[in-house]
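Residue strings, one per chain:
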Amino acid sequence: MALLARILQARLSPAPERGGLRGGCTPLLPRREGARLPAGARAEDKGAGRPGAPRAGGRAQGPRSLAAMPGPRTLANLVEFFWKDGFSRIHEIQQKHTREYGRIFKSHFGPQFVVSVADRDLVAQVLRAEGAAPQRANMGSWKEYRDLRGRSTGLISAEGDQWLKMRSVLRQRILKPKDVAPFSGEINQVIADLIKRIYFLKNQAEDGETVTNINDLFFKYSMEGVATILYESRLGCLESSIPQPTEDYIQALGLMFSMFRTSMYAGAIPRWLRPLVPKPWREFCRSWDGLFKFSQIHVDNKLKAIQCQMDRGERVRGGLLTCLFLSQELTLEEIYANMTEMLLAGVDTTSFTLSWAVYLLARHPEVQQAVYRQIVKNLGERHVPTGADVSKVPLVRALLKETLRLFPVLPGNGRVTQEDLVVGGYLIPRGTQLALCHYATSYEDENFPRAKEFRPERWLREGHLHRVDNFGSIPFGYGVRSCIGRRIAELEIHLAVIQLLQHFEIRTSPWTKTVHAKTHGLLMPGEPIHVRFVNRK
Ligand code: HEM
């Protein structure tokens, strides 16, 4: 039956040739008013989208409706997510559903209906067709909190004109590598503290080498690094005795982090159910209160310092926050909201990635040796690198890309379609939530030969003609709504990896286990990672 369905489907929907990034995508067709499904489409479509079935098509007969799209049953999905804690396995469920239903499938999450796209070319098609202000999916609860408290939205939660305005202000300041290169000095000071902290922790270890729970160490590094850029002030996260306000802040961040999960529950539970299940929404609001409060303290401190400088008639110069104050392009509420949301977006993402990168280096000494050799050859054993040096060590950049391919911090991304689209032969009406399944596409051999293997060299360019780009792995997203903090994160990670390898050989320890990924909103190491930092000299 399945074979017959596939053959019928193939006749109805000739598969387009896969043509890499530039070709091979189904063009986005405008909605054909009154387009009708071919007779019997429902039955025939049962096999559509399964592995081996045609990916896109229906052009001859018109696109198929969502009713014909395969996908898990609503009840099964609810059980998977709410009963079997599917929220911690989103990445695996993505792969499972792709295997079972194909590269485009539909699902229900509580009141939400989502179409998942797990195909490199279809993801490219969707993202390339975006308008001027793409809409992120599932931000209703974020917006609701802000309305409730009279707060502004930040870049993550804003939509439409509000988003365009804020994005155009922030993109001028941090979007390009050259914008963030001047932060190298500040980041290097944080890295100097990180290295000191590693020596301190090693000295406390029985073997003089093992640092347990590098996740925690890199969390503190990332928080200190991004706060240095966002608030233009140090928090003291890497000191032996962390100042109380910073300790409170770390707690607030912990709460913020657990909020990702809360936020998913909060969003998935319909409003009318809140009186019966009040906890998720209450927790959600409480954690946002804490985040906004903390950010506001730091922003206000900086504002006061600038005011004092101005009162003394001094010339005011500074980084991101200072520029935002002086340019007055954003209101104070918008600055609070953006600082809060950027901090939220900038700590765990960077720290998880750095933890995975160090774990992978420890597990693959031959790769580590190659990266180290390139650093020594092109930069030297002790040269403190700046942003401008990073292009001289392509293996360090390749290491980050490969780490993010295997462990993309955001295993999937969301969009709400702003026009009717035809994707993979299906008519997706305007206003439909799309989930772009980056984790699933990252692990496809077709996109990345021997995809399960850690091979950073796959990202090296052969000369200038060969551009290694692939919509199978776009960990920072793509296009006008992609990650605005990308260059900050890269700077923090590249500079840290270079200096860690200049100081230490990273080895596994008897306590280094195989670490599995767990999704907690973000894809994180499921267990603490322990490694040995062996002094180079
Ligand atoms: C390894 C680190 C990071 C990864 C993998 C990452 C990934 C992402 C992804 C996938 C998105 C969604 C893009 C889209 O919808 O197309 C995003 C958005 C965003 N990220 Fe990052 N991010 C990282 C670090 C950072 C840092 C350090 C900051 C801030 C300093 C930051 C700030 C943001 C903001 C504000 C947005 C929303 C952008 C908008 O909607 O205009 N991210 N990030």
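Since we're looking at a predicted model, the values are computed, not measured.

Here we take up the site of the ligand. Near the ligand you find 26 residues, and of these G346, T349, G477, C483 and G485 are the closest. Contributing elements (two or more residues each) for the shell around the ligand: α14 (332-346), α15 (348-363) and α19 (486-503). Tallied by class, the residues present in the shell around the ligand amount to 14 nonpolar, 8 polar and 4 charged.

A few words on the environment of A132. Mapped onto the elements of the fold, A132 is located in the loop between α5 (120-128) and α6 (140-149). The exposure class of A132 is exposed, given the 11 C-beta atoms found within 10 Å. Taking the C-alpha atoms as reference points, A132 and T210, separated by 78 residues in sequence, lie 50 Å from one another. What A132 contacts, discounting residues up to four positions off in sequence, is L164 and V480.

As summarised here, the arrangement of the 3 strands in space is β3-β11-β8, forming an open sheet in which the pairing is antiparallel. Strand pairing shows two members of the sheet lacking a second neighbour, β3 (210-211) and β8 (504-508), which therefore form its edges. Of the pairings in the sheet, the one linking β3 to strand β11 (residues 531-535) comprises 2 bridges and is antiparallel in character. Looking across to β11, one finds that T210 is bridged to R532.

We note that D85 has phi near 50°; this positive angle belongs to a residue other than glycine. Mapped onto the secondary structure, D85 falls in the loop between α3 (74-83) and α4 (90-101). Note on D85: 10 C-beta atoms within 10 Å, which makes it exposed. Notably, E232 is not glycine yet its phi reads approximately 55°, a positive angle. Positionally, E232 belongs in the loop between α10 (214-230) and α11 (244-268).

Below, the discussion takes up the packing of α10 against α14. Put simply, α10 and α14 touch, their axes get as near as 10 Å, and they point 155° apart. The pairing of α10 with α14 is recorded here as roughly antiparallel in orientation. For α10 against α14, the interelement crossing comes out right-handed. Contacts between α10 and α14 involve V226, A227 and L230 from the former and M339, M342, L343 and G346 from the latter. Within the contact of α10 with α14, the residues separate by chemical class into 6 nonpolar, 1 polar and no charged.

Read from one edge to the other, the open sheet built from 4 strands follows the order β1-β2-β7-β4, with strand pairing classed as mixed. Unpaired on one side and paired on the other, β1 (104-109) and β4 (413-416) mark the two borders of the sheet. Averaged over neighbouring strand pairs, the angle between their axes works out to 30° when direction is ignored. Here β1 runs beside strand β2 (residues 112-117); their pairing, made up of 6 bridges, is antiparallel. Counterpart to I104 in the pairing with β2 is V117.

It is worth spelling out the UniProt feature "binding site: heme" (unreviewed entry) in the chain at this point. UniProt feature "binding site: heme" (unreviewed entry): in the numbering of this structure it lies at C483. In this fold, C483 is placed in the loop between α18 (438-442) and α19.

Cut-offs applied
Residues numbered from 1 in each chain as written. Predicted model: local features only at pLDDT ≥ 70, side-chain atom pairs only at ≥ 80, totals over all residues. Near = placed C-beta within 6 Å. Helix = DSSP H or I, 4+ residues; strand = E, 2+ residues; numbered from the N terminus. Nonpolar A, V, L, I, M, F, W, Y, C, P; charged D, E, K, R; others polar. Buried ≥ 20, exposed ≤ 12 C-beta atoms within 10 Å, placed from the backbone. Contact = placed C-beta atoms within 7 Å. Pairing = 2+ DSSP bridges. Axes fitted to C-alpha atoms, helices over the stretch in contact; angles between N-to-C directions. Parallel < 35°, antiparallel > 145°, perpendicular 65-115°, else oblique. Left-handed = near helix turned anticlockwise from the far one by under 90°. UniProt positions renumbered as here; feature names shortened; annotations may be inferred.

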